[in-house]
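This is what each chain is made of:
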Amino acid sequence: MSLEFLSIEHIQQFAHDYGYWAIFFGILLENLGLPVPGETVTLVGGFLAGSHELSYWWVLANAIAGATIGGICGYGIGRLGGWSLLVRVTSVFRISESRLILIKDQFSKNAAKAVFFGRFLALLRIFTAPLAGIAKMPFLKFFSYNLLGATIWGTVMVSLSFFAGTIVSLEQLVAWVGQFAIIALLIVITLIVVPFWLEMRANKEQTRG
């Protein structure tokens with residue numbers, strides 16, 4: 001898939017042509033791990049609603065539905081594919097199975113938070129649902145946090161572009177959201193990944209000792 005196809009102009013034209021279906025499938029396919037910029041598609045939908053080309057409520061409903069159903073599909077993939085699937089995929093990145101076990105245990109301790117807050121980060125949005133399935137997080141618990149996260153995320157994204165789109169350009173808005181995502185990712189790395197890495201390092205030293 002080329003970068004030209006993923007340009008804002010092409011996404012906007014796609015939303016013009018397919019309307020609410022573009023919003024729904026954009027975020028759903030992103031949740032399945034496909035290289036589809038679901039967040040940008042949602043922002044475009046809110047922008048078009050702000051210019052009265054689409055309905056705000058229908059854009060919001062499709063964004064929430066796509067995010068929720070996409071999360072459920074990801075959970076199902078993790079639950080059905082299970083541990084062996086994760087080991088095969090991560091072996092490409094040279095991640096050992098022992099390290100995966102530590103990651104899984106850490107995820108299980110913070111599954112609810114990961115499912116909810118992961119909705120706001122593009123990378124985590126792809127991986128948290130399958131990880132929840134692999135960790136055998138109870139489905140009703142997963143569904144509740146997945147729906148809550150999808151609802152708040154969808155409302156923020158659609159409302160932001162709906163109202164801010166009358167003040168700034170769509171390109172500028174997408175750029176700002178992308179910059180915020182980078183900052184948020186760095187915060188997550190600082191608060192979660194770094195302590196987790198230190199814990200793994202301490203476990204290795206204890207094992208050697």
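Right, let's walk through the structure included here. Nothing here was measured: the structure is a model prediction, and the numbers come from that model.

Points about unusual backbone geometry
At step 1: The backbone of His52 sits at a positive phi, close to 65°, despite the residue not being glycine.
At step 2: If you trace the backbone, His52 turns up in the loop between helix H3 (38-50) and helix H4 (56-91).
At step 3: We classify His52 as exposed; its relative accessible area is 72%.
At step 4: The residue Lys136 is not glycine, and still its phi comes out positive at about 60°.
At step 5: For Lys136, the location among the structural elements is in the loop between helix H7 (122-134) and helix H8 (139-164).

Examining the nonpolar core
Across soluble globular proteins, nonpolar side chains show a tendency to be buried alongside one another.
At step 1: In this structure, Ile23, Val44, Leu48, Tyr56, Val59, Leu60 and Val158 are the most contacted members of the largest nonpolar core, which totals 14 residues.
At step 2: Contributions of two or more residues to this core are made by helix H1 (8-18), H3 and H4.
At step 3: Sort the elements by how many residues they give to this core and H4 lands first, with 5 residues.

Examining H3
Residues separated by three or four positions in an α-helix point in the same direction, a consequence of the helix having 3.6 residues per turn.
At step 1: Along its 13 residues, H3 runs 18 Å from first to last C-alpha, staying within 8% of the 18 Å computed at 1.5 Å per residue.
At step 2: Counting buried positions along H3 yields 13 of 13 residues, so the element is predominantly enclosed.
At step 3: Directly beyond the C-terminal end of H3, a positive phi value near 65° is found at His52.

Quick notes on a nonpolar patch on the surface
At step 1: Together, Phe14, Tyr18, Trp21 and Phe25 make up an exposed nonpolar region whose accessible area comes to about 490 Å².
At step 2: Secondary structure elements with two or more residues in the nonpolar patch: H1 and helix H2 (20-31).
At step 3: Its location among the elements puts Tyr18 in helix H1.

A few points about the packing of H1 against H2
At step 1: Direction vectors running N to C along H1 and H2 enclose 125°, while the axes themselves pass 6 Å from each other. The angle between H1 and H2 falls in the class oblique. On the side of H1, the interface is formed by Phe14, Ala15 and Tyr18, while H2 contributes Tyr20, Trp21 and Ala22.
At step 2: In terms of residue class, the contact of H1 with H2 is made up of 6 nonpolar, no polar and no charged.

Parameters at a glance
- Positions within a chain are numbered from 1, following the residues in the order the chain's sequence is written.
- Local features in this predicted model are restricted to residues of pLDDT 70 or higher, and side-chain atom pairs are both shown and tallied only at a pLDDT of 80 or more, whereas totals for entire chains, interfaces and linings draw on every residue.
- In computing side-chain properties, one takes all heavy atoms of the structure into account and sets aside hydrogens as well as water.
- Strands are runs of DSSP state E lasting at least two residues, helices are runs of H or I lasting at least four, and both sets are numbered from the N terminus onward.
- Only protein chains enter the area calculation, which uses a 1.4 Å probe; residues under 20% of their type maximum are buried, those over 50% are exposed, and those in between are partly exposed.
- Buried residues of nine kinds, namely Ala, Val, Leu, Ile, Met, Phe, Trp, Tyr and Cys, make up a nonpolar core once their side-chain atoms join them within 4.5 Å.
- What a helix should span is 1.5 Å times the count of its residues minus one.
- Grouping into patches uses exposed residues only, defined as over 30% relative accessible area, and leaves out salt-bridged ones; the cut-off is 9 Å for like charges and 5 Å for nonpolar side chains (Val, Leu, Ile, Met, Phe, Trp, Tyr).
- In short, Shrake-Rupley with a 1.4 Å probe defines the accessible areas, and a residue's cover is counted only from the protein chains shown.
- Whenever a carboxyl oxygen of Asp or Glu lies within 4 Å of a side-chain nitrogen of Lys or Arg, that contact is scored as a salt bridge.
- Here an axis means a line fitted to C-alpha atoms, over the contact stretch when the element is a helix, while the angle between two N-to-C directions is reported on a 0 to 180 degree scale.
- By definition in this entry, angles of less than 35 degrees are roughly parallel, angles greater than 145 are roughly antiparallel, angles of 65 to 115 are roughly perpendicular, and the rest are oblique.
- It only takes one pair of heavy atoms within 4.5 Å for two residues to be counted as in contact.
- When residues are grouped by polarity, Ala, Val, Leu, Ile, Met, Phe, Trp, Tyr, Cys and Pro land in nonpolar, Asp, Glu, Lys and Arg in charged, and all others, Gly among them, in polar.

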